[in-house]
Each structure stands twice: as structure tokens, then as C-alpha cells.
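Now for the letters of each chain:
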Amino acid sequence: MAVLGVQLVVTLLTATLMHRLAAHCSFARWLLCNGSLFRYVHPSEEELRALAGKQRPRGKREREEKPLSVPRDAPFQLETCPLTAVDALVLRFFLEYQWFVDFAVYTGGVYLFTEAYYYATCPAREANIAVCWCLLAVAFSIKVFLTVTRLYFSAEEGGERSVCLTFAFFFLLLAMLVQVVREETLELGLEPGLASMTGNLEPLLKKQGWDWALPLVKLTVRVGLAVVGAMLGAFLTFPGLRLAQTHRDALTMAEDRPGLQLLLHASFLSPLFVLWLWTRPIARDFLQQAPLGGTSISLLSDEAFDSVRLWVLVALCLLRLAVTRPHLQAYLGLAKVRVEQLRREAGRIEACEIQRRVVRVYCYVTVVSLQYLTPLILTLNCTLLLKSLGGYSWGLGLAPTLPPIPSSADAASAGPEEDSAQETAAQIVGALDGLLTPLFCRGLLSFLVWWIAACQLLSSLFGLYFHQHLGGS
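Read on for a plain summary of the structure.

The subject of this paragraph is the pattern of salt bridges. In the structure shown here, the tally under the stated rule is eleven salt bridges. Between Glu-187 and Arg-280 there is a salt bridge, with the nearest N and O atoms lying 3.1 Å from each other. Taken together, the residues Glu-187 in the loop between α8 (159–178) and α9 (190–207) and Arg-280 in the loop between α13 (270–277) and α14 (284–288) connect sequence positions 93 residues apart. On the basis of relative accessibility, which here comes to 11%, the residue Glu-187 falls in the buried class. Its salt-bridge partner being Asp-302, residue Arg-284 comes within 3.2 Å of it at the nearest N-O pair. Taken as a pair, Arg-284 in helix α14 and Asp-302 in helix α15 (residues 302–322) lie far apart in primary sequence, 18 residues in all. Through salt bridges with shared partners, one network takes in Glu-187, Arg-280, Arg-284, Asp-285, Asp-302, Asp-306 and Arg-309.

As a further point, take the packing of aromatic side chains. Following the criterion strictly, the structure yields 17 aromatic pairs and no others. Centroid distance Phe-113 to Tyr-117: 6.2 Å. Interplanar angle 10°. Geometry classified as stacked. Taken together, the positions of Phe-113 and Tyr-117, both in helix α6 (residues 94–121) and four residues apart, correspond to about one turn of that helix. Both rings, one in Phe-145 and one in Phe-235, keep their centres 5.6 Å apart while their planes meet at 10°; by these two values the pair is stacked. Of this pair, Phe-145 sits in helix α7 (residues 129–153) while Phe-235 sits in helix α10 (residues 214–235), placing them 90 residues apart in sequence. Among the residues examined, Phe-235 registers a relative accessible area of 8% and is labelled buried. An aromatic cluster is defined as three or more aromatic residues linked by ring pairs; in this entry it consists of Phe-167, Phe-170, Phe-171, Phe-447, Trp-451 and Phe-462. The positively charged end of Arg-325 is found above the aromatic ring belonging to Trp-30, 4.4 Å away from the centroid.

Conventions used here
- Residues numbered from 1 in each chain as written.
- Predicted model: local features only at pLDDT ≥ 70, side-chain atom pairs only at ≥ 80, totals over all residues.
- Heavy atoms only, no water.
- Salt bridge = Lys/Arg side-chain N within 4 Å of Asp/Glu carboxyl O.
- Helix = DSSP H or I, 4+ residues; strand = E, 2+ residues; numbered from the N terminus.
- Buried < 20%, exposed > 50% of the residue type's maximum accessible area, 1.4 Å probe, protein only.
- Phe/Tyr/Trp six-rings, centres within 6.5 Å; stacked < 30°, edge-to-face > 60°.
- Lys NZ or Arg CZ within 6 Å of the ring centre and 35° of its normal.

What follows is the structure, encoded as C-alpha cells:
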């Protein structure tokens, strides 16, 4: 019997295409460097010297004298030029950005093929290799978060480090509070998932005399989720603050385009829609008991609501992807904003400082792109994992029946002819089956999707308040 069959062939083909086509066809490079984004070019030293009324130094002694300085309100102009791939190649993290985004695109392609393959053939005993791709995408998302957050911890001033630690502690407390909310209010599925996991582990633990460890297992899972929530909150703090700033600037740049403004508002509020989807009284219960006159009607069944929730999550991710360029262009416009702020100040400034302020915005654009796209990619892949591992369906009809999970006692039972090694292997398999039940995967992944949206919403709302009332632009 083939272990993976067609899926393994598609995986090898996809990996080959990803390697061969990276230099010729890249979605990440097209998204950033197709010519629709423009950057500001700093004024040259000759232009600043002319504005300062100084001649070009002729000798070595003149060059080593006091550096060139100009009035802060000097009337120099910033020229613009399209952002091209040649310019982006020298940027820090550009290659990491390109590889990560392209890998996410190929992961989506493999997942679409796998879903079509399962729908057409319904393989009974074949591993879903798209789950491995999605898990890798989640792991790479965490790696990108670690890489970007490490920049703030390596800063000399240390202000960003304090902000990350403060938000991490805040989200740790919030994650512990969220886990005590009843399922009738917030239907994350943690309680049924933990009950399913402990129910399958109980026979195995009792056989080993470790039945006392069941409460400890549940406590470990709860504490682990709180710690993971705190880490994700720290990772999403500065992406949320940056999103608030680019959202405000993008709305200003789109004053004469009401359609784009509507999309920007919908994208910014998309995490709020995600939170609504798991709030049972105003989501599932409302749609199943919608008031109509003096009676109530059911608009969606439980299975249909679960499918609609998956579709809405995917649509919100695609919506945020669609407004990527307006956000990035709004960030690149910060160079002009900083120069205008400089002109409102008094005194003189060195020419190299003016150039540094303009160039710094452009050099950071790949980091901003990662901050914008990584939460999107993480949310999308967690949603796809929720569908595959949680036993949901994309159709609006009945969801497929969850496969029966063999109990740990059955998996651990060995006949008299089996040796101790086979017994140990059976126990390990039984323990894994008991841990990774579909109900537990539903609860875990629902919590991650909901929590990512909550962190994004809180950090971006705080960023709006900060940029509007405290920090300005």
C-alpha cells in the first residue's frame, strides 16, 4: 500500500517548482516590486550644499572640516521613483520575506489540490500531506515573528523591549481570563477538547498507576496555552501598532476613493468579525434562533454555521491581502511626513541626518511587509488546519462524521506473543491518538485563531489611540 501516493508526487513537484521558479516567478516580489509602489529619494549632497549657499570643497582639508549643515526649513524637494526588485535586493530581510511569502503561496496551492483530491477520490487510509505544509507554514510564521521581535530586543535604547514585555504580561493575564469563560458564551471548544483528550488517556494512565496525573495534564495544557498566548501577544504588538499607523495614513491617501476606504475599514475591523464568530449568543444562537415577527426561525444548522465560519475566515484573510499595497505605500509616505515635520522645527541640521531620515523608511519596508503579512499567513494556515484536523467541511450540508479514535487501552493492549518493544510502541501510538483527537484539535486551533484576532484588535486599537492622541504621525 502506498504511503502517500499522488500527494507525495505533488509535494515533490511543488518543492521543485518553488526552487526553480524563485528567480523568475515570485508572488512576494510581484507584490512589493511590480512598480505600483514608489519610494522617496533623499536629496543629494550637492543639492543641499547649494541650498546652504556653500561651494563644493576643493581640497582634502576642506572636506575634513565641519560637516555640512543646512537650515531645517530648507526648501528641498523629495523625488520619487518606483520600487523595483533591483532596489529591494539590497534591503535587509528581503530574501527571507520573498521565501516566506512564496512558501505560503505554494502551501495554499498544495492545500487546494489536496482538498480536490480528497473530494474526488475519498481515500480511506491516506495521510493528508497538506497538513504538513500548513504546520510548516505556522512554524515559519513563528520563526519570522522571533526574527523581527529580536530586532526590538537588540535595540540600544530598550524602549521597544519594555513595550514587548509589558504587552506580553498583559496578554498572559488576558489568556488566563479567556480560558475560564464558559462555553455557552465563548465557544472555543477547549472544555470538550480537554475532556476528549483526558478520556482517551485515562485508561492508559490508570494501567500504569498514573491516574493522579490527569488533572496535571489539563493544568499543563491550560498553562501552555496561556504562555503561547503571551508570546503571540508580544509578537503581534508592534505589527498592530504599525497597522494602526498605516491604516490612518492609507485613509488619508484614499480621500477621493470611497471604495478603497470601505475596504480599508473592513480590513482593519476584520479581527472584530473573527471575535464575533466565536461569541455564541450573538453568532451561532442568533442565527439558529433568528427572530421573525413573533416567532424564531433557524437560518443555519450547526454544521452549516461551522462551514460558514471557515469561509468567512478565509475571505477576511484575502481581504487583508487585497489592501496590502495601500498600507505599504502609506508606510513609504512616512519619509515625506518626517521631512515636513523637520521643516516645522528651528535651527540647523546636518545633511547626512536628512538623508538618513529619508533612507531609513525605505530600508525598513521589508520588515513592515513581514509585520503585515505574517499574522495573515498564520491565521489562514490555522484556519486550514482547523478544517482538516477538526473534521469540518467546506460544504454547507452535514459535516463528515468524526472518525472513531481508538482508546489508549485498546492501543496499549498486547497479546501474549508480543514482546515489550511492541507493547511500548503500541502505548506510544495510543498516547498520541489520545492526545490529538479531532475535538482537541478543534479547541486548540479555534483558540489560536480567536486569540490571534484578539491580539491584533487590541494592539491596533491601542495604536490608533497612541498615534491620534499621544505620538501623532
